[in-house]
Amino acid sequence: MTYTTKDFDYDLPEELIAQTPLKDRSSSRLLVLDRQTNEIQDTDFKHLLDFLEPGDALVINETRVIPARLFGIKADTGGHIEVLLLNNIEGNRWECLVKPGKRAHKGTRLVFGDENLLTAEILEDLEHGGRIIEFSYQGVFLEILEQLGEMPLPPYIKEKLEDPDRYQTVYAKENGSAAAPTAGLHFTQELFDQASQKGIEIIPILLHVGLGTFRPVSVDNIADHHMHSEFYRVSPEAADRIQKVKDNGGKIIAVGTTSVRTLETVAKNHQGNIVAASGWTDIFITPGFKFQVVDHLITNFHLPQSTLVMLVSAFYDRESILKAYQHAVEEHYRFFSFGDAMLIL
């Protein structure tokens, strides 16, 4: 079946877009959607483990968000410029988004910080509007980012984030993302401890969230949309543990769409098997996709017409997902990055 972008639209009152995180991560609400019965249940995230069994596994994305938004000037004109770091290509070369981009082309030199702590040059213009930028600095790049950069919150969040760690999962480990894997924001260490006590495994994998995850769909026919590549890695230990859970009849619960895309990329590339692997994925999961690894999915509520709504619709079906979203609107769930969660069984 051919789907258009508008097939994944829904009405969302602006007041339901969560602007700030809750004080207690696990006190967010949880909409449970059962694919066997098509029933919807409203509960709280701290009751997540009631729906999981010993021998199951939560697969988490341990990427860490970097202060990826930089504000600087163009060296020749003094004009203000904003740079969002997306992917570290190699060394000091990064794929970035630049705003305003009309006059920021190859050869443009950029300056960040009062004491020229960080300078850069645009090396290449990319098809999707991005740029390849090479940075120059003295010292440690991440320390300079911590000093000059800002946490790249989504544009629909208008309020200032008081504590930057609230846009990190409690298990964030490896720096490299331009956005948080937000389904994981609901977890606390206490909840993980309870999961382990119940016999539920916690298995970390990695996908650095870049443009591919939140780039809007600008075409009518979703088949014409091309995802941007993002770096992923599944370690030998993680691959072995996931395979053992599957072999023993346990369920794989993906925490977030980034975990889904990583697991299904590996399975797609290796005849349905989960093996140690790393690389770049541009997998675009839409209705009709055959899932080979993921049994259940924990996810937030996503923007209308986004690739993430399409992925969630592929995991069940479009009509049921949009019906669940309508239920969430009627019940005043909180939406998007700092919002509530959904568990699809």
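These numbers come from a predicted model, not from an experiment.

### Looking at the overall build of the protein
Here is step 1: For the protein, the count of helices and strands is seven helices and 17 strands.
Here is step 2: What you see for the protein is a C-alpha radius of gyration of 20 Å, in line with the 20 Å of a compact globule of 345 residues.
Here is step 3: By principal-axis analysis of the C-alpha atoms, the protein measures approximately 65 × 45 × 40 Å.
Here is step 4: The buried share of the protein, taken over its 345 residues, is 54%.
Here is step 5: Sequence-distant contacts, at least 24 apart, represent 70% of the contacts inside the protein between residues at least 6 apart.
Here is step 6: With an accessible surface of roughly 16000 Å², the protein has 45% of that area assigned to carbon and sulfur atoms.

### Digging into the pairing of strand β2 (residues 40–44)
Here is step 1: In this structure, strand β1 (residues 29–33) lies alongside β2, joined through five bridges in antiparallel fashion. In the strand pairing of β2, leucine 31 is matched with aspartate 42.
Here is step 2: Once β1 ends, the chain turns through six residues before running back antiparallel as β2, passing asparagine 38 with a positive phi of about 65°.

### A closer look at the pairing of strand β10 (residues 131–137)
Here is step 1: In this structure, strand β7 (residues 93–99) lies alongside β10, joined through four bridges in antiparallel fashion. Note on β10: the bridge partner recorded for glutamate 95 is isoleucine 132.
Here is step 2: Sheet topology note: the strand β9 (residues 118–125)/β10 ladder contains seven bridges and is antiparallel. Bridge pairing links isoleucine 122 to isoleucine 133 in β10.
Here is step 3: In sequence, β9 turns back onto β10 through a hairpin of five residues, with glycine 129 there showing a positive phi of about 100°.

### Description of the side chain of serine 28
Here is step 1: When you line up the elements, serine 28 lands in the segment before β1.
Here is step 2: Among residues more than four places away in sequence, those in contact with serine 28 are Leu22, Asp44, Phe45, His186, Gly339 and Asp340.

### Looking at the packing of aromatic side chains
Where two aromatic rings form a pair, the distance of their centres and the angle of their planes describe that pair.
Here is step 1: Per the counting criterion, the structure on display carries 20 aromatic pairs.
Here is step 2: Judged by centre distance (6.2 Å) and plane angle (40°), the rings of phenylalanine 112 and phenylalanine 135 are tilted. Here the residue phenylalanine 112 occupies a position in strand β8 (residues 109–112), and phenylalanine 135 occupies one in strand β10, the gap between them amounting to 23 residues.
Here is step 3: Among the residues examined, phenylalanine 112 registers a relative accessible area of 1% and is labelled buried.
Here is step 4: Look at phenylalanine 135 and you get buried, because its relative accessible area is 2%.
Here is step 5: Summarising the aromatic geometry, the rings of phenylalanine 335 and phenylalanine 336 are spaced 6.3 Å apart at their centres and angled 85° between planes, so their arrangement reads as edge-to-face. Each member of the pair, phenylalanine 335 as well as phenylalanine 336, is classed as buried.
Here is step 6: Taken together through their ring pairs, the aromatic side chains of Tyr10, Tyr156, Phe301, Tyr325, Tyr333, Phe335 and Phe336 make up a single cluster.

### Observations concerning helix α1 (residues 141–148)
Here is step 1: Turning to α1, its buried residues number three or more, namely Phe141, Ile144 and Leu145. Taken around the axis of α1, the buried residues stretch over an arc of 100°, which confines them to a single face. In this structure, α1 carries Glu143, Glu146 and Gln147 as exposed residues pointing more than 90 degrees from its buried face.
Here is step 2: Close packing links the buried residues of α1 with β5 (69–74), β6 (80–90), β7, β9 and β10.

### Observations regarding the sheet that holds strand β13 (residues 230–234)
Here is step 1: Taking strand neighbours across the sheet as the criterion, the nine strands line up as β2-β1-β17-β16-β14-β3-β12-β13-β15 in an open arrangement whose pairing is mixed. One side of each edge strand has no neighbouring strand; the edge strands of this open sheet are β2 and β15 (277–281). Here the average twist between neighbouring strands, direction ignored, is 25°.
Here is step 2: Here strand β3 (residues 57–61) pairs with strand β14 (residues 252–255) via three bridges, running parallel. What sits directly across from alanine 57, in β14, is isoleucine 252.

### Looking at the domain arrangement of the protein
Where interface size is given, it is often the accessible area lost as the parts come together that is meant.
Here is step 1: Per the domain assignment, the segments making up the protein are domain 1 (5–65 + 163–344) and domain 2 (69–150).
Here is step 2: Once you take the C-alpha centre of each, domain 1 and domain 2 turn out to be 31 Å apart.
Here is step 3: Opposite the 10 residues of domain 1 that make contact, domain 2 presents nine residues.
Here is step 4: Together, the buried faces of domain 1 and domain 2 total about 740 Å²; carbon and sulfur atoms form 63% of this surface.
Here is step 5: One can count zero salt bridges joining domain 1 with domain 2.
Here is step 6: Counting only elements with at least two residues in the side of domain 1 that touches domain 2, the list comes to β11 (174–177) and α3 (211–214).
Here is step 7: Taken together, the residues of the side of domain 1 that touches domain 2 break down into four nonpolar, five polar and one charged.

### Let's talk about the pattern of salt bridges
Here is step 1: Per the counting criterion, the structure on display carries 12 salt bridges.
Here is step 2: Residues arginine 261 and glutamate 230 are paired through a salt bridge, measuring 2.4 Å at the closest nitrogen-oxygen approach. Here glutamate 230 lies in strand β13 and arginine 261 lies in helix α5 (residues 257–269), a separation of 31 residues in the sequence. Accessibility classification places arginine 261 together with glutamate 230 in one group, the buried group.
Here is step 3: Between arginine 318 and glutamate 319 there is a salt bridge whose closest N-O contact spans 3.5 Å.
Here is step 4: Judged by relative accessible area, which is 18%, arginine 318 ranks as buried.
Here is step 5: The exposure class assigned to glutamate 319 is partly exposed, which follows from its relative accessible area of 47%.

What counts and what doesn't
One numbering rule holds for all chains: residues counted from 1, following each sequence as written. Local features in a predicted model are, by the rule used here, given only for residues with pLDDT of at least 70; side-chain atom pairs are given and counted only at 80 or more, and totals for whole chains, interfaces and linings are based on all residues. The basis for every side-chain value is the complete set of heavy atoms in the structure, and neither hydrogens nor water enter the calculation. Helix numbers and strand numbers start at the N terminus; a helix is a DSSP run of H or I with at least 4 residues, a strand a run of E with at least 2. To get the radius of gyration, use the C-alpha atoms; to get the globule rule, take the number of residues to the power 0.38 and multiply by 2.2 Å. Exposure classes here rest on a 1.4 Å probe applied to the protein chains alone. A residue is buried below 20% of its type maximum, exposed above 50%, and partly exposed in between. When checking whether two residues touch, look at their non-hydrogen atoms; a contact exists if any pair is within 4.5 Å. Surface accessibility follows the Shrake-Rupley procedure with a 1.4 Å probe radius. Residue values consider only the protein chains on display as shielding. We call two strands paired when DSSP finds no fewer than two bridges between them. Two aromatic rings from Phe, Tyr or Trp, using only the six-membered ring of Trp, form a pair when their centres are within 6.5 Å; if the ring planes differ by under 30 degrees the pair is stacked, by over 60 it is edge-to-face, and anything between is tilted. Directions pointing from the helix axis toward each C-beta atom define the arc. Think of each axis as a best-fit line through the C-alpha atoms, taken over the contacting stretch in the case of a helix, with angles from 0 to 180 degrees between the N-to-C directions. Domains are outlined according to an automatic or database domain assignment. A quick way to say it: buried area is the sum, across both parts, of accessible area lost when two parts are put together, with a 1.4 Å probe. Between Lys or Arg on one side and Asp or Glu on the other, a salt bridge is scored when a side-chain nitrogen of the former is within 4 Å of a carboxyl oxygen of the latter. Gly counts as polar in this scheme, as do all residues outside two lists: the nonpolar Ala, Val, Leu, Ile, Met, Phe, Trp, Tyr, Cys and Pro, and the charged Asp, Glu, Lys and Arg.

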